Amino acid sequence: MTTPLRSLPVTALTEAQAAEELAALAQAIAEADLAYHQQDAPVITDAEYDALRRRNAAIEARFPALKRADSPSDASPGAAPAAGFAKARHGTPMLSLDNAFAPEDFLEFTKSIRRFLRLDEAELLRFVAEPKIDGLSVNLTYENGVFVRGATRGDGTEGEDITRNLETFSDKNLPRRLAAPFPEQIEIRGEVFMTKADFIAFRDEQARLAEEREQRRERGEKVGPEIRIPANPRNAAAGSLRQLDPEITRQRPLRLFAYAQGESSAPVAETHSGYLARLAEWGFDVNPLSRALPDEHAAEAFQAEMAAQRAGLAYDIDGVVYKLDRLDWQARLGFVGRAPRWAIAWKFPAEQAMTRLLDIQIQVGRTGALTPRAVMQPVNVGGVMVQHATLHNEDEIARKDVRIGDTVILQRAGDVIPQIVGIVPEKRPAEAVPFAFPTTCPACGSHAVRPEGEVVRRCTGGLICPAQTVERLKHFVGRTAMDIEGLGEENILRLHEEGLVKSPADIFRLHRHAERMRGWEGWGKGAKTSKKVDNLLAAIEARRNPPLERFIFALGIRRIGAQNAKLLARHYHSLAEWRAKMLAATIIGSEAREELGSIQGVGPAIATELAEFFAEQRNRDALDDLAREVTPQDAERLESDSPFAGKVVVFTGTLERSSRDEAEAVADRLGAKVTKSVSKKTDFVVVGADAGSKAKKAAELGVRTLTEPEWRALAGLTD
């Protein structure tokens, strides 16, 4: 898979073009997450993946009303733990990093730190620079200095328990005991990798074994499972570490660099550089190329130095990670979305390649959008085999005059990532003709229309279109939604074709059809499949009490991503309250509508989508049908001794001691509901300098106001 993004800059996109591209980006990023984190077979490089997210974030920033329900910016990085491993929950999330590609990107990153912390230019920003190893991230838990558990990143919150595999590492690479002093409990994070030399030897051995297996098969002899030959060191390391048999892992040449801290019961150091020194004292390998930089201005020179050394290093790197050295500043900065505010990955540029376009396929998405996908002769671009690329829409195909049979140029670099940048005219075959975009849906035959002013052609079949229904069901069972193990694309499609699953509620009634399902080929015949139905039904039963936020996200309401679903769950607490308030919010100007629109992070556009969803009787019927089968858990009410726990807080005016962003982040951590507008449900309005209409409205409604010093005192902030 590749995803050729529109060559137009974000500032030049029309609203229709932006909507179309966000749809393609959401699909491409989801596919990349699954391939990279669960299948150990990445289809794009890390640089391309990060740039996909960057492009997505830039479009969402310019067109906030177009943010999708399945927005990648709301999803945790990674993929759900694979079948075959127990799940392990991380004490603190293993999130990803925002990226930079040029000095100006890094400069903007440092400016954002200064704005958030209210620092002047005279205050030095010291960083620790660490080469970004291309391997598999792991989380190591130590209790009383003893290694007790290890897990993969997974979806960032929950990973695969690979303790037995990690125990095959030598004590010199992964210490079993930490030398005192140490916290009572600590999570230590690192990267498992394979050197280039070890990878070449391993790959050659796998190729030899695969050839011998094929020769035995041709002779009619019994052979074992197919032998996978990894494409690069990262694939080899990830596949080796995620073996169900630890003895296989023991035989693989794996190494570990430790580089970060997760949850800890006590402080370890005051700086990140001090923490790395402690890791070395405990016996971990810390990348010797990591360096403490005196200020932000030293980063560009270090980046150039690493780029020059990159090819000669013993292992693959795809950039450098820059982390703010002071841990107290890291704590204040915290996280935004999926990434820390205090660290960034500055990536190296990539390259181009040529290949032949074999076909253009039309895919139908959850909203009925017809998206053309290029099928190409596989080509190695930057160490990744690429075979597919989205072509966005019919205008993009016509603009580039891309025809089946053409030799196309793929580009992988900067903020315009894996894209077909053009064709090679002199290599065009004589029989190549312009592509005719279909005017009917390939899934249901309904008319596919393109409204005036839009670039996306959509199927008009709606609920009768199997492609749209299946896509909605796939979203419902997905890893960030209901996370039902065993209900992948192939199984969802089979259940839908058999008429057993037409709606989400039908999934929870599948136990009524267990015997019929056991009669299907591959579902109940033979030792390998005899438990498939039982395992699937058990996985479904295990999801009858999902967290409210997952339930809301799984409904697939437009623009309700995972983060917005979390905001809604936290604000309304229960399904009954949320449903009642959403129904009341269908009335424009109502108190419920005003409350909904004032939730920090929601806003009027998302409020409109929610109101329109609940205004449709068929949507309410489907929700109620599902609620008869599923009982979502009430959202956890944050327990806190803070006077702001569960209170609605509004900030207005200019604060002197911190930025508005930092104050809102603190209030959120204290359990407050931070909103943007003042109503009679508001508990506190924190008034800074030059406060305007919000302070006036608070006075009119009798809402308690706080000065900044009063706010800081109540919040327990020390000056």
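- The name given to the protein in an unreviewed UniProt entry is DNA ligase, and the organism recorded there is Pseudoroseomonas cervicalis ATCC 49957.
- Its UniProt record, at the heading Function (unreviewed entry), says of the protein: "DNA ligase that catalyzes the formation of phosphodiester linkages between 5'-phosphoryl and 3'-hydroxyl groups in double-stranded DNA using NAD as a coenzyme and as the energy source for the reaction. It is essential for DNA replication and repair of damaged DNA."
- Recorded under Sequence similarities (unreviewed entry), the UniProt text for the protein is reproduced unchanged: "Belongs to the NAD-dependent DNA ligase family. LigA subfamily."

### Let's talk about the overall build of the protein
Right, on to step 1. Check the secondary structure of the protein and you find 25 helices and 24 strands.
Right, on to step 2. Over its C-alpha atoms the protein spans a radius of gyration of 27 Å, differing by no more than 12% from the 27 Å that the globule rule assigns to 719 residues.
Right, on to step 3. With the C-alpha coordinates of the protein rotated into their principal frame, the extents come out at 85 × 65 × 55 Å.
Right, on to step 4. Sequence-distant contacts, at least 24 apart, represent 69% of the contacts inside the protein between residues at least 6 apart.
Right, on to step 5. Per element, the accessible surface of the protein, about 32200 Å² overall, is 50% carbon and sulfur.
Right, on to step 6. Charged side chains in the protein number 97 positive and 105 negative. The centres of these two groups are separated by 3 Å.

### Considerations on the confidence of the model for the protein
Right, on to step 1. The pLDDT averaged across the protein works out to 86; a share of 91% of its residues lies at or above 70.
Right, on to step 2. At the low end of the mean pLDDT range in the protein sits strand β18 (residues 416-423), at 69; at the high end sits strand β9 (residues 291-293), at 97.
Right, on to step 3. This model gives residues 1-5 a pLDDT under 50, and the stretch forms 38 contacts once residues within four places in sequence are excluded.
Right, on to step 4. Within the model, the stretch residues 413-417 combines pLDDT values under 50 with 16 contacts to residues more than four positions away or in other chains.

### Topic: the environment of arginine 177
Right, on to step 1. Topologically, arginine 177 is positioned in the loop between α4 (163-166) and β7 (185-193).
Right, on to step 2. Excluding anything up to four places from it in sequence, arginine 177 contacts Gly145, Val146 and Trp282.

### Things to note about the UniProt feature "active site" (unreviewed entry) in the protein
Right, on to step 1. Here the UniProt-annotated "active site" (unreviewed entry) positions come out as Lys132.
Right, on to step 2. In this structure lysine 132 comes out as buried when scored by relative accessible area, which is 18%.

### As for the sheet that holds strand β2 (residues 99-100)
Right, on to step 1. Reading across from one edge, β2-β13-β10-β3-β9 is the order of the five strands in this open sheet, with mixed pairing throughout. For this open sheet the edge positions go to β2 and β9, each flanked by a neighbour on one side alone.
Right, on to step 2. Sheet analysis places β2 next to strand β13 (residues 343-347), joined by two bridges and oriented parallel. Bridging from a neighbouring strand, alanine 100 pairs with tryptophan 346 of β13.

### Remarks on the UniProt feature "binding site: Zn(2+)" (unreviewed entry) in the protein
Right, on to step 1. Feature annotation in UniProt places "binding site: Zn(2+)" (unreviewed entry) on Cys441, Cys444 and Cys465, given in this structure's numbering. A maximum C-alpha distance of 8.5 Å places the annotated residues, which cover 25 residues in sequence, within one compact spot.
Right, on to step 2. In this fold, cysteine 444 is placed in the loop between β18 and β19 (448-449).
Right, on to step 3. Inspection of the secondary structure assignment puts cysteine 465 in the loop between β20 (458-459) and α12 (466-477).
Right, on to step 4. Cysteine 465 has contacts with Val364, Cys441, Ala443, Cys444 and Cys459, leaving out every residue within four places of it along the chain.

### Thoughts on the sheet that holds strand β4 (residues 136-143)
By way of backbone hydrogen bonds, the strands of a sheet pair with one another, either parallel or antiparallel.
Right, on to step 1. Pairing within the open sheet is antiparallel, and its four strands lie in the order β5-β4-β7-β8. The sheet terminates laterally at β5 (146-152) and β8 (255-264), the two strands that pair on one side only. Looking at each pair of strands side by side, their axes are set apart by 30° on average, direction ignored.
Right, on to step 2. When β4 meets β5, the two strands line up antiparallel, connected through six bridges. Looking at the pairing, leucine 140 lines up with glycine 150 of β5.

### Here's the deal with the packing of aromatic side chains
Right, on to step 1. A complete count under the given rule lists 21 aromatic pairs for this structure.
Right, on to step 2. Measuring from centroid to centroid gives 5.7 Å for phenylalanine 106 and phenylalanine 109, while their planes differ by 50°, and the two rings are tilted. Taken together, the positions of phenylalanine 106 and phenylalanine 109, both in helix α3 (residues 103-117) and three residues apart, correspond to about one turn of that helix. A single burial state applies to phenylalanine 106 and to phenylalanine 109, both of which are buried.
Right, on to step 3. Centroid distance phenylalanine 644 to tryptophan 711: 5.1 Å. Interplanar angle 65°. Geometry classified as edge-to-face. Of the two residues, phenylalanine 644 sits in the loop between α22 (617-627) and β21 (648-652) while tryptophan 711 sits in helix α25 (residues 708-715), which places them 67 residues apart along the sequence.
Right, on to step 4. Judged by relative accessible area, which is 0%, phenylalanine 644 ranks as buried.

### Quick notes on the packing of helix α19 (residues 575-584) against α22
Right, on to step 1. Following both chains from N to C, one finds α19 and α22 inclined at 170°, their axes separated by 13 Å at the closest point. Here α19 lies roughly antiparallel to α22, going by the angle between them. Counting all contacts with α19, which are made through Leu575, Arg579 and Leu583, the residues of α22 involved are Arg620, Leu623, Asp624 and Ala627.
Right, on to step 2. Its residues placed into classes, the contact of α19 with α22 shows four nonpolar, no polar and three charged.

### Here we look at the pairing of β4
Right, on to step 1. The buried fraction of β4 amounts to seven of the eight residues, a majority that puts the element mostly inside the structure.
Right, on to step 2. Relative to β7, β4 is paired through eight bridges, and the arrangement is antiparallel. Within β7, the position partnered with serine 137 by the bridge is glutamate 191.
Right, on to step 3. Remark: two residues form the turn of the hairpin made by β4 and β5, two consecutive strands paired antiparallel; asparagine 144 in that turn has positive phi of roughly 55°.

### A closer look at the nonpolar core
Right, on to step 1. Counting 55 residues, the largest nonpolar core has Ile507, Leu568, Trp578 and Leu596 as the members making the most contacts within it.
Right, on to step 2. Residue-level mapping places this core at the junction of two domains, with at least three residues from each of domain 4 (466-542) and domain 5 (548-629).
Right, on to step 3. Each residue touching leucine 568, except ones within four places of it in the same chain, is listed here: Ile552, Ile560, His573, Trp578, Leu596, Ile599, Val602 and Leu610.
Right, on to step 4. Counting 34 residues, the second largest nonpolar core, distinct from the first, contains Leu119, Trp342, Ile344 and Trp346.

### A few points about the environment of glutamate 221
Right, on to step 1. Relative to the assigned elements, glutamate 221 resides in the loop between α5 (196-218) and α6 (233-241).
Right, on to step 2. In this structure, the C-alpha to C-alpha distance between glutamate 221 and glutamate 662, residues 441 residues apart in sequence, is 67 Å.

### Let's talk about the packing of α12 against helix α13 (residues 489-497)
Right, on to step 1. Contact pair α12 / α13: the axes reach a minimum separation of 10 Å and the direction vectors enclose 130°. With respect to α13, the element α12 is oriented oblique. Of the two elements, α12 crosses α13, and the hand of that crossing is right-handed. Where α12 abuts α13, its residues Pro466, Thr469, Val470, Leu473, Lys474 and Val477 lie against Glu489, Ile492, Leu493 and His496.
Right, on to step 2. A class-by-class count of the residues in the contact of α12 with α13 yields six nonpolar, two polar and two charged.

### Section: the state of the cysteines
Right, on to step 1. In this structure the tally under the stated criterion is zero disulfides.
Right, on to step 2. With no disulfide of its own, cysteine 444 has cysteine 459 as its nearest cysteine by sulfur position, at a separation of 3.5 Å.
Right, on to step 3. No disulfide involves cysteine 465; its sulfur sits 3.9 Å from that of cysteine 441, the nearest cysteine.
Right, on to step 4. Judged by relative accessible area, which is 0%, cysteine 465 ranks as buried.

### With respect to α3
Right, on to step 1. Taking 1.5 Å per residue as the helical rise, α3 with its 15 residues ought to reach 21 Å, and the 21 Å between its terminal C-alpha atoms agrees with that figure.
Right, on to step 2. Restricting attention to buried positions, one finds in α3 the residues Asp105, Phe106, Phe109, Thr110, Ile113, Arg114, Phe116 and Leu117.
Right, on to step 3. Taken from the residues just after α3, arginine 118 is the one with a positive phi, measuring 60°.

Each value, and the rule that gives it
- Residues numbered from 1 in each chain as written.
- Predicted model: local features only at pLDDT ≥ 70, side-chain atom pairs only at ≥ 80, totals over all residues.
- Heavy atoms only, no water.
- UniProt positions renumbered as here; feature names shortened; annotations may be inferred.
- Helix = DSSP H or I, 4+ residues; strand = E, 2+ residues; numbered from the N terminus.
- Rg over C-alpha atoms; globule rule 2.2 N^0.38 Å.
- Contact = heavy atoms within 4.5 Å.
- Areas by Shrake-Rupley, 256 points an atom, 1.4 Å probe, with all protein chains shown as cover.
- Lys, Arg positive; Asp, Glu negative; His and termini not counted.
- Charge placed at Lys NZ, Arg CZ, Asp CG, Glu CD.
- pLDDT = per-residue confidence, 0-100.
- Buried < 20%, exposed > 50% of the residue type's maximum accessible area, 1.4 Å probe, protein only.
- Pairing = 2+ DSSP bridges.
- Axes fitted to C-alpha atoms, helices over the stretch in contact; angles between N-to-C directions.
- Phe/Tyr/Trp six-rings, centres within 6.5 Å; stacked < 30°, edge-to-face > 60°.
- Parallel < 35°, antiparallel > 145°, perpendicular 65-115°, else oblique.
- Nonpolar A, V, L, I, M, F, W, Y, C, P; charged D, E, K, R; others polar.
- Core = buried A, V, L, I, M, F, W, Y, C linked by side-chain atoms within 4.5 Å.
- Domains from an automatic or database assignment.
- Left-handed = near helix turned anticlockwise from the far one by under 90°.
- Disulfide = S-S within 2.5 Å.
- Expected span 1.5 Å × (residues − 1).

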